[in-house]
Amino acid sequence: MGVTGVPSDADAEPSHQRSRWPARLPDRDLPAPRLARTITIVVLLCLSIVVSLNSLEYSANMPTLAASVAIVLAVFFLQFLHSSSRAQRWTTRTRVLMLLTQAVFTYAPVLIFHRTWVSMTGPLAGSILLLVPFPRAWIPFAATVAVPASFQLVVSLSWLETSYLVLSTLFTGLVIYGLSRLTDLVQEVHRSRAELARLAVSQERLRFSRDLHDLLGYSLSAITLKSELIYRLVPGRPEQARDEVASLLDISRQALSDVRTVASGYRDMSLAAEADSAAAILASADVQADVEIACGHLHPVIDTVLATALREGVTNILRHSKVETCRISAVTEDERVTLTLTNDGVPDDLPALSPHSGSGIGNLKARLGAVGGRLEAERTRDGCFRMVAEAPTRPIAARTTQDRMAARPAA
């Protein structure tokens, strides 16, 4: 079965189904927050420059030109404030005051500068959409778009010029609103990714504490009871006390093994289940994930090692890259299982991979080497990151035991 379900021990069918998890919003269309904010600022500056050039063409003297440019800068400074994410936290009184101020700077100069100023209504329309809650914003927005039609009372404009101003106001207002909202969306997506990385760490801490409680709670309670029993048996029944000591040693060894199991994270896991979980997490992070698990049932040790490698790879993706697409595949060939994880969005400051590190890639290499496998992790020429984990279908220890058992009757 595919990664859409978790296989049980009784399943006999190999995992040949492919599960695709398309991202709800392709990350390639979302630049970094700083770049998105820069684009918004550049657009606003370009609009202010256009109006300033109109003033330069129609202004009769230098004082008029200077006053026009000063008012243009004031209007677009207000527009920059309205397009910032902080504007969403303003009170209603502050929003009304800012809109009234921009309206004064938008309409009053028409009486002075005439034709030079008639193209300044677009930013006010965008500010209305940004500061007035929906759906009430559409009424003042429509009124602002229609206002240029009344400029014929002040400035002699043809119907063609009036139609152009109406459409220009509509277009400019929607562009400013769209760019501002998309910038906020980019920032929210990046904050969500950071939160996902922190959530992954919190979930691992929760797993650690839960495993400690489940694995060691019974063992520690049994050790306490055994110790109390031995304390009472030693004076009168030393032989029975010796037997209880042997039982206590067995429980202590098992508790020690459980501690090592929890500390290393090496416990029974399923590669198919981890692939299913990884695909769901990547989809929630707006990452297009292509998952194909076609390796059938694996030895429990190999299944756990590969599942651990997949979990580490997905964690690195969420923490250390701006991934857009990711491909996860697992195939079996010639009694070897190969897990491949490839993703783009690799940062330029990717730290060097240390084979001697106690966790991460170094830890995975040690685990795979213990079962006769290997791990390769590298940056490809096309700017992607690829991690390949290869392991035998059976660990070396299990294979050696089975080979001895098979050879014993012949001997």
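Residues numbered from 1 in each chain as written. Predicted model: local features only at pLDDT ≥ 70, side-chain atom pairs only at ≥ 80, totals over all residues. Heavy atoms only, no water.

In the annotation of an unreviewed UniProt entry, the protein chain is listed under the name Histidine kinase and assigned to Streptomyces decoyicus.

J.: Honestly, the overall build of the protein chain in this entry has me stumped. Any pointers?
T.: Each helix and strand counted, the protein chain has twelve helices and six strands in total. Scored against the burial criterion, the 411 residues of the protein chain give a buried share of 39%. The long-range share in the protein chain, meaning contacts at least 24 apart out of those at least 6 apart in sequence, stands at 70%. Of the roughly 23,100 Å² that the protein chain leaves accessible, carbon and sulfur atoms contribute 62%. (Helix = DSSP H or I, 4+ residues; strand = E, 2+ residues; numbered from the N terminus. Buried < 20%, exposed > 50% of the residue type's maximum accessible area, 1.4 Å probe, protein only. Contact = heavy atoms within 4.5 Å. Areas by Shrake-Rupley, 256 points an atom, 1.4 Å probe, with all protein chains shown as cover.)

J.: Help me understand the pairing of strand β3 (residues 325–333) in this model?
T.: In the case of a regular strand, side chains alternate between the two sheet surfaces. Pairing geometry for strand β2 (residues 288–294) and β3, over seven bridges, is parallel. Of the residues in β3, the one forming a bridge with Asp-290 is Arg-327. Where β3 meets strand β4 (residues 336–343), eight bridges bridge the pair, whose relative direction is antiparallel. Counterpart to Ala-330 in the pairing with β4 is Leu-339. The loop that links β3 with its antiparallel partner β4 comprises two residues; one of these, Asp-334, has a positive phi angle of about 55 degrees. (Pairing = 2+ DSSP bridges.)

J.: Teacher, can you tell me more about the UniProt feature "transmembrane region" (unreviewed entry) in the protein chain here?
T.: Within this structure's numbering, the places UniProt gives as "transmembrane region" (unreviewed entry) are residues 35–53, 65–84, 96–117 and 164–183. Span residues 35–53 is 100% helix and 0% strand, its end C-alpha atoms 27 Å apart. Strand forms 0% of residues 164–183 and helix 100%; the C-alpha atoms that close the span are 28 Å apart. (UniProt positions renumbered as here; feature names shortened; annotations may be inferred.)

J.: Help me understand the packing of helix α3 (residues 92–107) against helix α5 (residues 121–131), please; the structure alone is not making it clear to me.
T.: If you want to describe how two helices pack, look at the angle between their axes and the distance between the axes. Viewed as axis vectors pointing N to C, α3 and α5 meet at an angle of 170 degrees, and their least axial separation amounts to 10 Å. Considering their axes alone, α3 and α5 lie roughly antiparallel with respect to each other. The residues of α5 that touch α3, namely those facing Arg-95, Leu-99, Gln-102, Ala-103, Thr-106 and Tyr-107, are Thr-121, Pro-123, Leu-124, Ser-127, Ile-128 and Leu-131. Residues that form the contact of α3 with α5 fall into these classes: seven nonpolar, four polar and one charged. (Axes fitted to C-alpha atoms, helices over the stretch in contact; angles between N-to-C directions. Parallel < 35°, antiparallel > 145°, perpendicular 65-115°, else oblique. Nonpolar A, V, L, I, M, F, W, Y, C, P; charged D, E, K, R; others polar.)

J.: Which parts of the structure should I look at to understand a nonpolar patch on the surface?
T.: Together, Phe-134, Trp-138, Leu-167, Leu-170 and Leu-174 make up a nonpolar patch on the protein surface, roughly 470 Å² of accessible area in all. In terms of residue count, the dominant contributor to the nonpolar patch is helix α7 (residues 159–233) (three residues). For Leu-174, a relative accessible area of 39% puts it in the partly exposed group. (Patch = residues over 30% accessible without salt bridge, like charges linked within 9 Å, V, L, I, M, F, W, Y side chains within 5 Å. Salt bridge = Lys/Arg side-chain N within 4 Å of Asp/Glu carboxyl O.)

J.: Explanation requested: the nonpolar core in the structure shown.
T.: Grouped burial of nonpolar side chains is what soluble globular proteins tend to show. Leu-306, Ile-328 and Leu-339 are the most contacted members of the largest nonpolar core, which has 36 residues in total. Broken down by secondary-structure element, the contributors of at least two residues to this core are α9 (271–284), β2, α10 (300–320), β3, β4, α11 (361–370), β5 (374–379) and β6 (385–392). In terms of residue count, the dominant contributor to this core is α10 (seven residues). (Core = buried A, V, L, I, M, F, W, Y, C linked by side-chain atoms within 4.5 Å.)

J.: I'm lost on the pattern of salt bridges in this one. Help?
T.: Opposite charge on two side chains lets them pair, provided their charged atoms get close. All chains considered together, the criterion is met by eleven salt bridges. For the salt bridge of Arg-37 with Asp-184, the shortest nitrogen-to-oxygen distance reads 3.8 Å. Taken as a pair, Arg-37 in helix α1 (residues 33–58) and Asp-184 in helix α7 lie far apart in primary sequence, 147 residues in all. For the pair formed by Arg-37 and Asp-184, the shared burial category is buried. The partner of Arg-374 in a salt bridge is Glu-376, with the nearest N and O atoms 2.5 Å apart. Accessibility expressed as a relative area gives 36% for Arg-374, which makes it partly exposed. Via salt bridges that share partners, Arg-336, Arg-374, Glu-376 and Glu-390 belong to a single interconnected network.

J.: Whenever I open this one, α5 confuses me. Can you help?
T.: Each turn of an α-helix holds 3.6 residues, which means side chains three or four residues apart point in the same direction. When you tally the buried positions in α5, you get eleven out of eleven residues, the bulk of the element. Of all the positions in α5, only Thr-121, Gly-122, Pro-123, Leu-124, Ala-125, Gly-126, Ser-127, Ile-128, Leu-129, Leu-130 and Leu-131 are classed as buried.

J.: Honestly, the packing of aromatic side chains in this entry has me stumped. Any pointers?
T.: Overall, the coordinates contain three aromatic pairs when judged by the stated rule. Where Trp-138 meets Phe-141, the ring centres are 5.6 Å apart and the plane angle is 85 degrees; that geometry is what we call edge-to-face. Placement of the pair is Trp-138 and Phe-141 together in helix α6 (residues 138–146), with a separation of three residues, close to one helical turn. The class for Trp-138 is partly exposed, based on a relative accessible area of 43%. For Phe-141, a relative accessible area of 4% puts it in the buried group. (Phe/Tyr/Trp six-rings, centres within 6.5 Å; stacked < 30°, edge-to-face > 60°.)

J.: Got a minute to help me understand the confidence of the model for the protein chain in this structure?
T.: When pLDDT is low, close inspection of the predicted coordinates is not appropriate. With 75% of its residues at a pLDDT of at least 70, the protein chain reaches an overall mean of 76. Least confident of the elements in the protein chain is strand β1 (residues 18–21), whose mean pLDDT is 38; most confident is β4, at 93. Counted against residues more than four places away or in other chains, residues 1–30, with its pLDDT under 50, gives 69 contacts. (pLDDT = per-residue confidence, 0-100.)

J.: Is there a simple way to explain the environment of Ser-68 in this structure?
T.: Looking at where Ser-68 falls in the secondary structure, it is placed in helix α2 (residues 62–83). C-alpha of Ser-68 to C-alpha of Trp-117: the two residues are 49 residues apart in sequence and 8.5 Å apart in space.

J.: Looking at this structure, how should I read the side chain of Thr-380?
T.: Within the secondary structure, Thr-380 sits in the loop between β5 and β6. A distance of 2.2 Å separates a polar atom in the side chain of Thr-380 from a polar atom in the side chain of Asp-382. (Polar contact = N/O pair within 3.5 Å; in protein donor to acceptor, adjacent residues only side chain to side chain.)

J.: What exactly am I supposed to notice about α11 here?
T.: Within α11 the residues assigned to the buried category are Ile-361, Gly-362, Leu-364, Arg-367 and Leu-368. One or two positions beyond α11, positive phi appears at Gly-372, with a value near 90 degrees.

J.: Sorry, what's going on with the environment of Leu-229 here?
T.: Assignment of secondary structure puts Leu-229 in helix α7. What makes Leu-229 partly exposed here is its relative accessible area of 26%.

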